[in-house]
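Here's the letter readout for the chains.
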Amino acid sequence: MKKISLICLAFALCACAGPRWPTAADSYYLSPAPDLTAQLPPPPASGSEPDRSDMRTLKDWQARRTPALCGRAAAEVRARFPAFFGALSPFASPLPPDAADILEHARIDTDLHVYAVKNHYRRDRPFLREPSLTICPGMGKVGGFAYPSGHAAIARTFALMLSDLVPPRRAEFLARADEIALDRVIAGVHHPSDIESGKLLGDAIYARLQAVPKFRADMDRLRRLLAH
């Protein structure tokens, strides 16, 4: 029997127990996770012009979103590498267990930062603030706070990792991360300012990761796992 990676086993256990926020005990590269709240602007004040602009954009997308766009957003509900970058993956399929482990470590560290900032600002989801807004079918139960977008931050972290691994495809990877972020607005679960802050947070997290020797060593491991 092949040895199952610890992260893959954790996936299976989480699937049975239901989703949960990661805790400090789950951190891997950045432990303890530094608070990056000061590196982000606060969310727009309720009723301010930027906040009203957020709402106008959400209502515009709600009026013109299609079943296909909602389907794409619903397929990305689980913020995991296969759902985000499976179609563009530079790795073999199925994803090698070592690659899955490293990518999941980076995702969890990103999620820990997102959780800290969300808890600081505690901005409600747009559909909770505006009764006329609805979310796309298939999104399931959407909990937690809105600012910043965890999907945007995680997609950005993954895209920056892939860009360093395969530099000629940088524009492709970043465009996909932007698409994932926008899908959260289209689906009605994030304000535009949430996804922009998520991208900034992803950039800040990746800069921190690059300074960690263990992360740099794991990036070298990923390079050796690239499909040729």
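Above this note sits the structure.
The paragraphs below set out a description of the structure included in this document. Residue positions within a chain follow its written sequence, with the count starting from 1. Residue-level local features of this predicted model are given only where pLDDT is at least 70; pairs of side-chain atoms are given and counted only at 80 or more, and the full residue set underlies all totals for whole chains, interfaces and linings. Only hydrogens and water are removed before side-chain values are computed, so all heavy atoms of the structure are retained for them.

**Things to note about helix H7 (residues 150–165)**
The periodicity of an α-helix, 3.6 residues per turn, causes residues three or four positions apart to be oriented the same way. In this text, helices come from DSSP runs of H or I with a minimum length of four residues, and strands from runs of E with a minimum of two, each type numbered from the N-terminal end. Take the number of residues in a helix, subtract one, and multiply by 1.5 Å to get its expected span. In this model H7 runs 23 Å from its N-terminal to its C-terminal C-alpha over 16 residues, within 8% of the 22 Å that 1.5 Å per residue would give. The buried count for H7 comes to 15 of 16 residues, which makes it a mostly enclosed element. The backbone nitrogen of His151 has a side-chain oxygen 3.4 Å away, supplied by the residue at the start of H7, namely Ser149. Buried, partly exposed and exposed residues are distinguished by accessible area as a fraction of the type maximum, computed with a 1.4 Å probe on protein chains only: under 20%, between the cut-offs, and over 50%, respectively. A 3.5 Å cut-off defines polar contacts: any pair of N or O atoms within that distance qualifies, except that in protein one atom must be a possible hydrogen donor and the other a possible acceptor, and neighbouring residues in sequence count only when both atoms are side-chain atoms.

**Things to note about the packing of aromatic side chains**
Working definition: rings of Phe, Tyr and Trp (its six-membered ring) pair if their centres are within 6.5 Å, and the pair is stacked with planes under 30 degrees apart, edge-to-face with planes over 60 apart, and tilted otherwise. This structure, assessed with the given rule, holds 10 aromatic pairs. Centre to centre, the rings of Phe85 and Phe173 are 6.4 Å apart; their planes meet at 75°, and the pair counts as edge-to-face. Of this pair, Phe85 sits in helix H4 (residues 81–85) while Phe173 sits in helix H8 (residues 170–186), placing them 88 residues apart in sequence. The same class applies to Phe85 as to Phe173, namely buried. Seen from their ring centres, Tyr121 and Tyr147 are 5.4 Å apart, and the 85° between their planes marks the pair as edge-to-face. In this pair, Tyr121 sits in helix H5 (residues 97–121) while Tyr147 sits in the loop between helix H6 (126–129) and H7, placing the two residues 26 residues apart along the sequence.

**What to know about the packing of H7 against helix H10 (residues 213–224)**
Following both chains from N to C, one finds H7 and H10 inclined at 60°, their axes separated by 10 Å at the closest point. In terms of crossing hand, the pair formed by H7 and H10 is right-handed. On H10, the residues that touch Met161, Asp164 and Leu165 of H7 are Phe215, Met219, Leu222 and Arg223. Its residues placed into classes, the contact of H7 with H10 shows five nonpolar, no polar and two charged. Every axis in this analysis is a line fitted to C-alpha atoms, fitted for helices over the stretch in contact. Angles between the N-to-C directions lie between 0 and 180 degrees. When the near helix sits turned anticlockwise from the far one by under a right angle, the crossing is termed left-handed; a clockwise turn instead gives a right-handed crossing. Here a residue-residue contact requires only that any non-hydrogen atoms of the pair lie within 4.5 Å. Here the term charged refers only to Asp, Glu, Lys and Arg, the term nonpolar to Ala, Val, Leu, Ile, Met, Phe, Trp, Tyr, Cys and Pro, and the term polar to all other amino acids, Gly among them.

**Some words on the state of the cysteines**
Note on disulfides: each one is a pair of cysteine sulfur atoms within 2.5 Å. A full pass over the atoms with the stated rule returns one disulfide. Shown here is the disulfide that connects Cys70 with Cys136, its sulfur atoms set 2.0 Å apart. In this structure, the disulfide formed by Cys70 and Cys136 twists by about -60° around the S-S bond and is classed as left-handed. Of this pair, Cys70 sits in helix H3 (residues 67–75) while Cys136 sits in the loop between H6 and H7; the two residues are 66 residues apart in sequence, bridging distant segments of the chain. Both residues of the pair, Cys70 and Cys136, count as buried.

**With respect to the environment of Ala146**
Among the secondary structure elements, Ala146 is positioned in the loop between H6 and H7. Each C-alpha atom of the pair Ala146 and Arg125 lies 4.9 Å from the other, and the pair is 21 residues apart in sequence. Those residues in contact with Ala146, other than ones at most four positions away along the chain, are Lys118, Arg123, Asp124, Arg125, His190, His191 and Asp194.

**Concerning the nonpolar core**
Membership of the largest hydrophobic core comes to 40 residues, with the highest contact counts inside it found for Phe85, Phe91 and Met161. When residues of this core are traced back to their parent elements, those giving at least two are H4, H5, H7, H8, helix H9 (192–210) and H10. Here this core gets nine residues from one element, more than from any other, and that element is H7. Apart from the residues within four sequence positions on either side, Met161 is in contact with Ile102, Leu103, Ala106, Tyr206, Phe215, Met219 and Leu222. By convention a nonpolar core is built from buried Ala, Val, Leu, Ile, Met, Phe, Trp, Tyr and Cys residues, the set being connected through side-chain atoms within 4.5 Å. Among the nonpolar cores identified, the runner-up in size contains nine residues, and Trp61, Leu133, Ala152 and Ala181 belong to it.

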